[in-house]
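Topology and contacts: notes
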Amino acid sequence: MSDSSFPEAPSPTKITYIDGRPATITLRRCRLELAGEDGKIETHVFDRDNFTVGATDDNDLVVDDETVSRNHCRIFLEGDQYLVRDLGSTNGTFVNRVRVREAWLKPDCTLALGKSELRFAPVDEKLRIIPSDKQRFGEMIGRNAKMREIYAILDKIAPTDATVVVEGETGTGKEVVARTIHQQSSRAGGAFIVFDCGAVPENLIESELFGHEKGAFTGALTTRQGVFEMANGGTVFLDELGELALDLQPKLLRVLEQREVKRVGGSRAIKVDVRVVAATNRHLEEEVRAGRFREDLFYRLSVVRLVLPPLRKRKEDVALLVKHFLRTGNFNRSRNGGRNVGQVSRGAMDRLMEYDWPGNVRELHNVIERAVSFAETDTIEVRDLPEHIGVSRQILQREDTNVEARAAAAESSPAGDGSAPSADVEGTFKDAKERWVASFERDYIEQLLRRNGNNISHAAREADIDRKYFRKLMKKYGIAAQG
C-alpha cells in the first residue's frame, strides 16, 4: 500500500504492514481532562489530528470560563507528537505554568487557559488486523482476502474522523468505499457530497469548493456556498484528487489544517466541520516526486491510505457482484416490481470469469445491464454478452494463432512486401486509405473506452489527445460511452 522509501506521513491513525499485509492499526487519540468548578472531572477524547479549544460553540472543546478567549488555542498532531498553539488569546496559554505561543505537549502535562486547567494525555490504541469473515461491508461486496482486510480496517477507522485516501484503478469502486465510510461513521446523518476534481473547469473549481461572494467575479450574481460549507457536519468525497491544480492545493490544505474556508471574494473565515475522503487513480507519491502534488498536502491527506485491488485480481468476487447487480439494479426491475432476469447460465458465467475486466467493477456493472436488456428469458446466456467477452479465451487464442499465421504467410508472399492478401484495395488509393483510417479510429476509440471503464477523460488522457477531440471522434463514429 505504500512505498517504504517514501517518508512516512504524520498521521493520527497508522497502519503497520508485515510482508505487505496489514498487521496492526494504531488509532491515535488524545485525552483532555477538565476540572469543573464543582470539582468534577470532564473527560474529552479526540481522535482527530487537529482541534480547537475556546469559549464559543464553534470550537471542538468549549470551556465555559470568562477568562478563556473565544478561540483560545489549537492542538494538532505534528509527526508523532501533539503541539499546542495559542491563537492570540487575551490571557495566554500555559504549559506546566510556562506561557507559550507554541509548545510540545508531553503525557500528563498541565494546560492552563485563563483560570481553567486541563490535563493532557495521548491514548493510542493498537489493534490487530484480522480479515473479516463477511462477504460485504456497507455497500462493498467481495470475499477476496484483500477486500476482507479492507473491511477490517474500515471497521476500525470509519467511526473516527481520520482523513482517508482511496487509491485504485478506474472503476474499482472508490466512491463506494467513501460512501461506506460515511455510512459507518457518526456523520451518517449528515450530508455526503461528491466533488470530481477532474470534471469541473479549472476556473470554477475554487468557487465550487469554497463558495463565492456576490460580485466576486463576472457571473457571480448571488452569494453561494461551496462544497465544504454544504457538507458541514458530514463528509466530502474528493474524487480524482490528483487532478487538482497546484495553485488550489494550499487552499485545500488550509481547510484540512484550520477547518475553515474563505469564499472567493470574501475576507471572513468560515468554520466548517467535515470529514474528507479522497480518491485517485494516480500514484500520489510519484506525483509529489514530479512536483505536481504538494508534499505537505500529501502528508495531511494520507492519514489512512487504502489501495483497492482490480477486479482481475479478485475473480472470485465476479459471481457475487453479478448476483448483487441483478438483485438491486433498477435496470432489472419489471413493471410489477419483480426481476426480469434472475440468473446467469454456466457458459455465460465462465466467459465473465475468464475476462480480465480492464474497466473493473464499473465495466462489469455495465456489461450486466446490457446483457439484461438483450436477454430473451430470465437467464443471461453467452449470446447476451458483448462479443469481446462472449467469445471464449480458447477461441481468441486460436484466432490470434491464425492471425500470426496469416502475417507470416504475407511476409513470405511472392510480393515480398509483407502485405496481407485480404487488404481492401477497391477504389482509389485515397478512398482505401480513408476506409482503413476510419476502421482504425473506430476500433481504437472503442477499445480505449472499454479499457478505461467508459471514462472519456481517462481514455483521452491515455490516447494523449484533447478530450473535446476524443468526443468528436466518438460522435463521428456513433460511439456512446455506456454508463
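In case you missed it, the structure is sitting above this.
Residues numbered from 1 in each chain as written. Predicted model: local features only at pLDDT ≥ 70, side-chain atom pairs only at ≥ 80, totals over all residues. Heavy atoms only, no water.

**A short note on the overall build of the protein chain**
- When you go through the protein chain residue by residue, the secondary structure sums to 15 helices and 25 strands.
- Considering only intrachain contacts with a sequence separation of at least 6, the fraction spanning at least 24 residues in the protein chain is 59%.
- With an accessible surface of roughly 25100 Å², the protein chain has 47% of that area assigned to carbon and sulfur atoms. (Helix = DSSP H or I, 4+ residues; strand = E, 2+ residues; numbered from the N terminus. Contact = heavy atoms within 4.5 Å. Areas by Shrake-Rupley, 256 points an atom, 1.4 Å probe, with all protein chains shown as cover.)

**Notes on the packing of aromatic side chains**
- Evaluated as defined, the whole model comprises eight aromatic pairs.
- Judged by centre distance (4.0 Å) and plane angle (5 degrees), the ring pair of Phe46 and Phe51 falls under stacked. Of the two residues, Phe46 and Phe51, both sit in the buried class.
- Consider the rings of Tyr355 and Trp357, whose centres lie 4.7 Å apart with planes at 85 degrees: the pair is edge-to-face.
- Since its relative accessible area comes to 15%, Tyr355 is described here as buried.
- By relative accessible area, Trp357 is classed as buried at 0%. (Phe/Tyr/Trp six-rings, centres within 6.5 Å; stacked < 30°, edge-to-face > 60°. Buried < 20%, exposed > 50% of the residue type's maximum accessible area, 1.4 Å probe, protein only.)

**Focus on the nonpolar core**
- Of all hydrophobic cores here, the largest spans 32 residues; its most connected members are Phe228, Leu238 and Leu241.
- Those elements that provide at least two residues to this core are strand 18 (192-196), helix 3 (202-210), helix 4 (227-230), strand 19 (235-239), helix 5 (249-258), strand 22 (275-280), helix 6 (284-289) and helix 7 (295-301).
- Dropping the residues within four chain positions of it, Leu238 is found in contact with Phe195, Cys197, Leu209, Leu252, Val276, Val277, Ala278 and Ala279.
- In this structure, Ile25, Leu27, Val166 and Val277 belong to the second largest nonpolar core, which totals 27 residues. (Core = buried A, V, L, I, M, F, W, Y, C linked by side-chain atoms within 4.5 Å.)

**Details of the sheet that holds strand 7 (residues 73-78)**
- Read across the open sheet, the five strands follow the order 6-5-7-8-11; overall the sheet is mixed. The open sheet has two edge strands with one neighbour each: strand 6 (61-62) and strand 11 (102-105).
- Two elements, strand 5 (residues 50-54) and strand 6, share two bridges in a ladder whose sense is parallel. Across the sheet, residue Val53 finds its bridge partner in strand 6, namely Leu61. (Pairing = 2+ DSSP bridges.)

**Re the sheet that holds strand 23 (residues 304-307)**
- Here five strands make up an open sheet; going across it, the order is 18-19-22-17-23 and the pairing parallel. Every interior strand has two partners, whereas the edge strands, strand 18 and strand 23, have only one. Strand-to-strand twist across the sheet, computed as the mean angle between neighbouring axes with direction ignored, equals 20 degrees.
- In the sheet, strand 18 pairs with strand 19 via five bridges, with the strands oriented parallel. By the bridge assignment, Asp196 is partnered in strand 19 with Asp239. (Axes fitted to C-alpha atoms, helices over the stretch in contact; angles between N-to-C directions.)

**Focus on the pairing of strand 3 (residues 30-35)**
- Side chains of strand 3 alternate between two faces, with Cys30, Leu32 and Leu34 buried and Arg31, Glu33 and Ala35 left unburied.
- In sequence, strand 3 turns back onto strand 4 (residues 41-46) through a hairpin of five residues, with Gly39 there showing a positive phi of about 90 degrees.
- Both strand 3 and strand 13 (residues 116-122) contribute to a ladder of five bridges, which runs antiparallel. Among the inter-strand pairings, Glu33 is bridged to a residue of strand 13, identified as Arg119.

**Some words on the environment of Arg461**
- Note on placement: Arg461 falls in helix 14 (residues 456-463).
- Under the relative-accessibility criterion, Arg461 is labelled partly exposed at 37%.
- Ignoring anything within four residues of it in the chain, the contact list for Arg461 reads Glu243 and Arg282.

**Topic: the side chain of Asn50**
- Mapped onto the secondary structure, Asn50 falls in strand 5.
- A relative accessible area of 3% places Asn50 in the buried class.
- Here the side chain of Asn50 touches Arg74 through a polar contact of 2.9 Å, side chain to side chain.
- Here the side chain of Asn50 touches Glu257 through a polar contact of 2.3 Å, landing on its backbone oxygen.
- Residues within four places of Asn50 in sequence aside, it is in contact with Asp60, Arg74, Ile75, Phe76, Leu256, Glu257 and Gln258. (Polar contact = N/O pair within 3.5 Å; in protein donor to acceptor, adjacent residues only side chain to side chain.)

**Here's the deal with helix 10 (residues 360-374)**
- Between its first and last C-alpha atoms helix 10 spans 21 Å; for 15 residues at 1.5 Å apiece the expected length is 21 Å, and the two agree.
- All of the buried residues along helix 10 are Asn360, Val361, Glu363, Leu364, Asn366, Val367, Ile368, Ala371 and Val372. (Expected span 1.5 Å × (residues − 1).)

**Structural notes on the side chain of Asp86**
- Residue position: Asp86 is located in strand 8 (residues 81-86).
- For the buried Asp86, no salt bridge is present, and the opposite-charge side chain at shortest range is Arg99, 5.7 Å distant.
- Polar contacts involving the side chain of Asp86 include one to the side chain of Ser89, which spans 2.6 Å.
- In this structure Asp86 touches His72, Cys73, Gly92, Thr93, Val100 and Arg101, once residues within four positions along its chain are discounted. (Lys, Arg positive; Asp, Glu negative; His and termini not counted. Salt bridge = Lys/Arg side-chain N within 4 Å of Asp/Glu carboxyl O.)

**With respect to a positive patch on the surface**
- A surface patch of like charges, here positive, comprises Arg136, Lys323, Arg327, Arg333 and Arg339.
- Mapping Arg339 onto the fold places it in the loop between helix 8 (318-328) and strand 24 (343-344).
- Accessibility expressed as a relative area gives 48% for Arg339, which makes it partly exposed. (Patch = residues over 30% accessible without salt bridge, like charges linked within 9 Å, V, L, I, M, F, W, Y side chains within 5 Å. Charge placed at Lys NZ, Arg CZ, Asp CG, Glu CD.)

**Details of helix 15 (residues 467-476)**
- Of all the residues in helix 15, the buried ones are Phe470, Leu473 and Met474. Considered in projection along helix 15, the buried side chains sweep an arc of 100 degrees and stay on one side of the axis. Helix 15 presents Lys468, Lys472, Lys475 and Lys476 as exposed residues on the side facing more than 90 degrees away from its buried surface. (Arc of directions from axis to C-beta.)

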